[in-house]
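Understanding the architecture of this molecule
Letter by letter, the chains look like this.
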Amino acid sequence: MREWIAKQRLYFVGTAPLDGDGHVNVSPKGPIGTLRVLDDHTVAYLDMVGSGAETVAHLKENGRIVVMLCAFEGPPRIVRLHGRGEVVAASDPRFEELFERAAFEAPHDVEAARRAIVTVDVNRIADSCGYGVPLMSYEGERPHMEAWAEKKLRVGGEAEIEAYVAKKNVESIDGLPAFD
């Protein structure tokens, strides 16, 4: 399954708060080089600065997470990795060692935009058909993430990215704490 996972182009992460009125979150993630199988029961992904922090807030509250991959090329298949997640923030002393161990292929070299690494202790793997998933061809990665991060650095340096995180990533849309 490791080989199949590495061949996919993107993955999705799903989390939810404990509050039944809270918002369920599903986030597309990629490129696939930001996801790694660390061992038979652990996966990790590199979390980049983004427009929200739902996943991080949900994990801090309750730890529940599912990582889903589906085949857009080749035989139909969907794989869900259910587990308990932990957020290792970029400021955490464990971050650099985990980053090296995972050998992530970061989408760009702007280190200040590397927000965290999410590790998942996988306790259930669901492998199912993907008959409803359309066949799609891969055209390439979008340049926007790198361009955004480089512009932030050009305009105000790392402090500009930190200010963005402080404005957009402190809490979830439901008010749960995410990043300090």
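The paragraphs below set out a description of the structure included in this document. (Residues numbered from 1 in each chain as written. Predicted model: local features only at pLDDT ≥ 70, side-chain atom pairs only at ≥ 80, totals over all residues. Heavy atoms only, no water.)

**Description of the overall build of the protein**
- A tally of helices and strands in the protein yields 5 helices and 7 strands.
- In the protein, the succession of helices and strands from N to C terminus is α-β-β-β-β-α-β-β-α-β-α-α.
- For the C-alpha atoms alone, the extent of the protein along its principal axes is close to 45 × 40 × 30 Å.
- For the protein, with 180 residues in total, the buried portion stands at 46%.
- When the accessible surface of the protein is split by element, carbon and sulfur atoms take 51% of a total near 10200 Å². (Helix = DSSP H or I, 4+ residues; strand = E, 2+ residues; numbered from the N terminus. Buried < 20%, exposed > 50% of the residue type's maximum accessible area, 1.4 Å probe, protein only. Areas by Shrake-Rupley, 256 points an atom, 1.4 Å probe, with all protein chains shown as cover.)

**Some remarks on the side chain of Thr-42**
- Secondary-structure assignment places Thr-42 in strand 4 (residues 42–48).
- If sequence neighbours within four positions are ignored, Thr-42 has contacts with Arg-36, Val-37 and Val-120. (Contact = heavy atoms within 4.5 Å.)

**A word on the pattern of salt bridges**
- This structure, assessed with the given rule, holds 8 salt bridges.
- For Glu-105, the salt bridge is made with Arg-36, and the minimal N-O distance between the two is 3.2 Å. In this pair, Glu-105 is assigned in the loop between helix 3 (95–102) and strand 7 (114–128) and Arg-36 in strand 3 (residues 35–39), connecting sequence segments 69 residues apart.
- A relative accessible area of 52% places Glu-105 in the exposed class.
- Two residues, Arg-94 and Glu-86, come together in a salt bridge whose shortest N-O distance is 3.0 Å.
- Here the residues in one salt-bridge network are Lys-29, Asp-47 and Arg-115, joined through shared partners. (Salt bridge = Lys/Arg side-chain N within 4 Å of Asp/Glu carboxyl O.)

**A short note on unusual backbone geometry**
- Look at the link from Gly-30 to Pro-31: it is a cis peptide, with omega at -5 degrees.
- Note on placement: Pro-31 falls in the loop between strand 2 (25–29) and strand 3.
- Of note in the backbone geometry, Ala-103 takes a positive phi value of approximately 50 degrees without being a glycine.
- Locating Ala-103 in the fold gives a position in the loop between helix 3 and strand 7.

**Examining the sheet that holds strand 6 (residues 78–89)**
- Taking strand neighbours across the sheet as the criterion, the 7 strands line up as 2-1-5-6-7-4-3 in an open arrangement whose pairing is antiparallel. One side of each edge strand has no neighbouring strand; the edge strands of this open sheet are strand 2 and strand 3. Geometrically, the sheet is characterised by an average inter-axis angle of 30 degrees between neighbouring strands, direction not taken into account.
- Bridge analysis of strand 1 (residues 11–15) against strand 2 gives 5 bridges, and the strand direction is antiparallel. Bridging from a neighbouring strand, Phe-12 pairs with Pro-28 of strand 2. (Pairing = 2+ DSSP bridges. Axes fitted to C-alpha atoms, helices over the stretch in contact; angles between N-to-C directions.)

**So, the environment of Ala-126**
- Tracing the chain through its elements places Ala-126 in strand 7.
- Separated by 100 residues in sequence, Ala-126 and Val-26 place their C-alpha atoms 17 Å apart.
- If sequence neighbours within four positions are ignored, Ala-126 has contacts with Ile-78, Val-79, Arg-80 and His-82.

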